Structure formats: structure tokens, C-alpha cells
Amino acid sequence: MKVENTKFVAVNYTLTVDGQVADKNPEGQPLEFVCGAGMLLPKFEGALIGKEPGDKVSFTLEPKDGYGEIIAEAIVELPKTIFMIDGKVVEEMLFAGNVVPMSDAEGHRMNGIIKEVKEESVMMDFNHPMAGKTLNFDVEVVEVRDVTPEDLAPKGGCSCGCDHDHCEGCGEGHECNGEHECNGEHECHGDHCCH
């Protein structure tokens, strides 16, 4: 059976960014999705159309086909008072590189990466961690079959639709490693935001 829209697909994948492995599925835990359901990046799914179990494919997604370019307006300076708990700024969480879960005025969950800590403020980057990056994928199709009702049923895990119980939010890959929002839209597209 070949990969096509409305088919259940399982793949092993490795994502390389800037010459380094950025993500891969854990051994024995392929990435599973329903093709065409909007769970993954459209160009990722498109590269698999027509492939069969055992087929391997390598492809590159430019930023416009992945997570877009870096948006300057998504890098903001926030007062340290935002990071207060019980009336005290939580200084131990304020360091460059830390990923901090936050909500905007409309209640959308998002994660920001601390870029710089100043005396009275913190520079936060709310771009997707893969914004501006060229994504290089090596993918092996493991399984293709018809969709069952179980495939469409909600699963456990985080609130973003990821079906892995150890998630801390929707992230890129099974590890859901704190890099959580998709395309700056503050919503997830299913199993993995990164694909």
C-alpha cells in the first residue's frame, strides 16, 4: 500500500539542522500520523506521497516550507515583574536559553526562549525554535494502512494533541523538549509540531 491522503502512516525519521541532528524518533517508536489530516508540515507529507513500506527518502524544506522566517516582532522585552511568584521574581529561572511557558492576553499558550536578562527586564524570543532554519529530513516508511477508528480517537498526553504521555507540551519530536509552538500561531498540528 502506498502513502496517500487518509492513510495511516508510520515513519522513522532524522531531522538535521545546521549539520547537527536536531530530532529523531526513538528506536522502535516511529512517528505515526494520518496523511492529509494536517498533523504535519504539508511539504513533509508531500515528500512521502506514493512511497511504500521500506522506501527511504531524503528531502530539504526551506524556511518558507517549514516554520517560516524569524519575525522580529516576536522578540520582545518584558519587565521582570512578569516572572513573579508570591510577590518575588523567580531569578533562578531567568537565564539565557531557558524556555519559559507563558500565555498571551487572549490566553494562548506559548513558549518563549530567554535571550538576555537585564537589570529590570528580560528579552524573550517567541519565534518557533526552527524559524529561519533549513530542515533536512531522512525518512523511512515503516507502515502504511487504512485508518481505523482507534487512529482517530483522542489519545493521552499533553493538551496539544501529542499522543506521548511524557510530553511537556507539543514539541518537535517525541521528546517534546520545550520547543512548543507552531508557526507563531500558538497551536499544534498533532503528533509533532516540527514536521
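Everything here concerns the structure above.
Definitions and cut-offs
Throughout, residues of each chain are indexed from 1 in the direction in which the sequence is written. In keeping with the model being predicted, local features are shown solely for residues with a pLDDT of at least 70 and side-chain atom pairs are shown and tallied solely at 80 or more, while totals for entire chains, interfaces and linings include all residues. Excluded from the side-chain calculations are hydrogens and water; all other atoms, namely the structure's heavy atoms, are used. A run of H or I in DSSP counts as a helix once it spans at least four residues, and a run of E counts as a strand once it spans at least two, with each numbered from the N terminus. Burial classification: accessible surface area is computed with a 1.4 Å probe over protein chains only, and a residue below 20% of its type maximum counts as buried, one above 50% as exposed, and the rest as partly exposed. Any N or O atom pair separated by 3.5 Å or less is treated as a polar contact, with the protein-specific requirement of one donor-capable and one acceptor-capable atom, and with residues adjacent in sequence counted only for side-chain atom pairs. Residue contacts are counted whenever heavy atoms from the two residues lie within 4.5 Å of one another. Ring geometry is summarised as follows: Phe, Tyr and Trp rings, the Trp one being its six-membered ring, pair when their centres sit within 6.5 Å, and such pairs are stacked at plane angles under 30 degrees, edge-to-face over 60 and tilted between the two. Charge-over-ring placement is defined geometrically: NZ (Lys) or CZ (Arg) within 6 Å of the ring centre, and within 35 degrees of the ring normal. Any carboxyl oxygen of Asp or Glu within 4 Å of a side-chain nitrogen of Lys or Arg constitutes a salt bridge here. What makes a nonpolar core is a set of buried Ala, Val, Leu, Ile, Met, Phe, Trp, Tyr and Cys residues whose side-chain atoms join them at distances within 4.5 Å. Following DSSP output, two strands are said to pair if at least two bridges run between them. Orientation is described by axes fitted as lines to C-alpha atoms, over the contacting stretch for helices, and by angles from 0 to 180 degrees between their N-to-C directions.

(A) Summary view of the side chain of Asn98. Looking at where Asn98 falls in the secondary structure, it is placed in the loop between strand S7 (88–89) and strand S8 (99–103). The exposure class assigned to Asn98 is buried, which follows from its relative accessible area of 17%. Of note is the side chain of Asn98, whose polar atom sits 2.7 Å from the backbone oxygen of Met93. Apart from the residues within four sequence positions on either side, Asn98 is in contact with Met93, Gly112, Ile113 and Ile114.

(B) Structural detail: the packing of aromatic side chains. For the structure shown, the criterion picks out four aromatic pairs. Considering the side-chain rings of Phe33 and Phe44, the 6.5 Å spacing of their centres and the 70° angle between planes classify their relative orientation as edge-to-face. Here the residue Phe33 occupies a position in strand S3 (residues 31–34), and Phe44 occupies one in helix H1 (residues 42–46), the gap between them amounting to 11 residues. The buried category is assigned to Phe44, whose relative accessible area is 0%. Seen from their ring centres, Phe44 and Phe137 are 5.0 Å apart, and the 80° between their planes marks the pair as edge-to-face. Taken together, the positions of Phe44 in helix H1 and Phe137 in strand S11 (residues 135–146) put the pair 93 residues apart, joining distant regions of the chain. Across this residue pair, the class does not change: Phe44 and Phe137 are buried. The structure contains a cluster of three or more aromatic residues connected by ring pairs, namely Phe33, Phe44, Phe59 and Phe137. One Lys or Arg, Arg145, reaches over the ring of Phe8 and ends 3.7 Å from the middle of that ring.

(C) Geometry of the pattern of salt bridges. Counting across every chain of the model gives seven salt bridges. Residue Asp65 pairs with Lys64 through a salt bridge whose shortest N-O separation is 3.4 Å. A salt bridge links Glu77 to Lys118; the shortest N-O distance between them is 3.6 Å. Taken together, the residues Glu77 in strand S5 (residues 75–79) and Lys118 in the loop between strand S9 (109–117) and strand S10 (121–125) connect sequence positions 41 residues apart. For Glu77, a relative accessible area of 44% corresponds to the partly exposed category. Accessibility expressed as a relative area gives 31% for Lys118, which makes it partly exposed. One network of salt bridges, with partners in common, ties together Glu143, Arg145 and Asp151.

(D) Just the nonpolar core, in detail. Of all hydrophobic cores here, the largest spans 25 residues; its most connected members are Val11, Phe33, Phe44, Leu48, Leu135, Phe137 and Val139. Every element with two or more residues in this core is listed here: strand S1 (7–17), S3, strand S4 (56–61) and S11. Ranked by size, the runner-up nonpolar core spans 12 residues in total, among them Val89, Val100, Met110 and Met124.

(E) Molecular detail of the sheet that holds S10. Read from one edge to the other, the open sheet built from four strands follows the order S5-S10-S9-S8, with strand pairing classed as antiparallel. The sheet is open, and its two borders are formed by S5 and S8, each paired with just one other strand. Averaged over all pairs of adjacent strands, the angle between their axes in this sheet comes to 45°, without regard to strand direction. The pairing of S9 with S10 spans four bridges and is antiparallel. The residue bridging Ile114 from the neighbouring strand is Met124, located in S10.

(F) How the structure looks around the environment of Met124. Relative to the helices and strands, Met124 resides in strand S10. The buried category is assigned to Met124, whose relative accessible area is 0%. With 26 residues separating them in the primary sequence, Met124 and Asn98 have C-alpha atoms 9.7 Å apart. Apart from residues no more than four positions distant in its own chain, Met124 is found in contact with Ala74, Ile75, Val76, Leu78, Phe83, Val100, Met102, Gly112, Ile113 and Ile114.

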